[in-house]
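# Structural features, examined
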Amino acid sequence: MSPEQMRVYGLWPQERQATFDGWPDEAKSYYWTLTPPRQEVFWMLSDGDRLTLIGMAVDEQETAWSRLEQQMLASQPPVGSAPDAPSAPPEPMVEPMEEPMDRPMTEVDDHSPS
């Protein structure tokens, strides 16, 4: 790996480093040729899909990447769009009172016979 690649690798969590270390050398080399968005998609692929993609001719890889990117865009909201409204309004956060408040009796509260 180049010094820049080593720097990026060093920033990854140990789990990601271990996964990367388990890849065959051709997968590791191919990974570094990808753009950052494609690198993120590459992590989401199964090991078998990674190997299939690596084994393709360059024009087949581009076709596969176009399909993968379309799938990713279809599953994510457009940039700048409003998030989906929650299905139910959030519960108000009410702090419990330390002690119940005494309130004065009023005529409405007085249920004694008149």
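Residues numbered from 1 in each chain as written. Predicted model: local features only at pLDDT ≥ 70, side-chain atom pairs only at ≥ 80, totals over all residues. Heavy atoms only, no water.

What follows deals with the overall build of the protein chain. Secondary structure summary: the protein chain contains 6 helices and 0 strands in total. In sequence order, the secondary structure elements of the protein chain are arranged as α-α-α-α-α-α. Within the protein chain, contacts between residues separated by at least 24 positions form 38% of all contacts whose residues are at least 6 apart in sequence. When the accessible surface of the protein chain is split by element, carbon and sulfur atoms take 57% of a total near 9600 Å². (Helix = DSSP H or I, 4+ residues; strand = E, 2+ residues; numbered from the N terminus. Contact = heavy atoms within 4.5 Å. Areas by Shrake-Rupley, 256 points an atom, 1.4 Å probe, with all protein chains shown as cover.)

This part takes up the environment of Leu 51. Along the polypeptide, Leu 51 turns up in helix 5 (residues 47-55). Its relative accessible area of 42% is what places Leu 51 among the partly exposed residues. For the pair Leu 51 and Glu 26, spaced 25 residues apart in the sequence, the C-alpha separation amounts to 8.7 Å. In contact with Leu 51, not counting residues within four places along its chain, are Pro 24 and Glu 26. (Buried < 20%, exposed > 50% of the residue type's maximum accessible area, 1.4 Å probe, protein only.)

Right, let's talk about the nonpolar core for a bit. Phe 20, Tyr 31, Phe 42 and Trp 65 are the most contacted members of the largest nonpolar core, which has 18 residues in total. For this core, the secondary structure elements donating two or more residues are helix 3 (25-33), helix 4 (36-44), helix 5 and helix 6 (58-75). Ignoring sequence-local partners within four residues, the contact set of Tyr 31 consists of Trp 12, Phe 20, Trp 23, Gln 39, Phe 42 and Trp 43. (Core = buried A, V, L, I, M, F, W, Y, C linked by side-chain atoms within 4.5 Å.)

All right, on to the environment of Glu 40 then. Structurally, Glu 40 can be placed in helix 4. We classify Glu 40 as partly exposed; its relative accessible area is 39%. Here Arg 16 takes part through its side chain, which lies 3.4 Å from a polar atom of the side chain of Glu 40. (Polar contact = N/O pair within 3.5 Å; in protein donor to acceptor, adjacent residues only side chain to side chain.)

Turning next to the packing of aromatic side chains. One pass over the structure, following the stated rule, counts 16 aromatic pairs. When the ring of Trp 12 is compared with that of Trp 32, the centres are 5.7 Å apart and the planes differ by 0 degrees; the resulting orientation is stacked. Pair noted here: Trp 12 is in the loop between helix 1 (3-11) and helix 2 (14-22) and Trp 32 is in helix 3, with a separation of 20 residues, a long-range link. With relative accessibility at 11%, the residue Trp 12 sits in the buried group. An aromatic cluster of at least three residues, connected via ring pairs, comprises Tyr 9, Trp 12, Phe 20, Trp 23, Tyr 30, Tyr 31, Trp 32, Phe 42 and Trp 43. Above the ring of Phe 42, the side-chain terminus of Arg 50 is found at 5.7 Å from the ring centroid. (Phe/Tyr/Trp six-rings, centres within 6.5 Å; stacked < 30°, edge-to-face > 60°. Lys NZ or Arg CZ within 6 Å of the ring centre and 35° of its normal.)

Should the charged atoms of two oppositely charged side chains come close, the side chains can pair. Counting across every chain of the model gives 6 salt bridges. Taking the shortest distance from any N to any O, the salt bridge between Glu 40 and Arg 16 comes out at 3.4 Å. In this pair, Glu 40 sits in helix 4 while Arg 16 sits in helix 2, placing the two residues 24 residues apart along the sequence. On the accessibility criterion, Arg 16 (22% relative accessible area) is partly exposed. Between Glu 62 and Arg 38 there is a salt bridge, and its shortest N-O distance comes to 3.0 Å. Separated by 24 residues along the polypeptide, Glu 62 in helix 6 and Arg 38 in helix 4 bring together distant segments of the chain. (Salt bridge = Lys/Arg side-chain N within 4 Å of Asp/Glu carboxyl O.)

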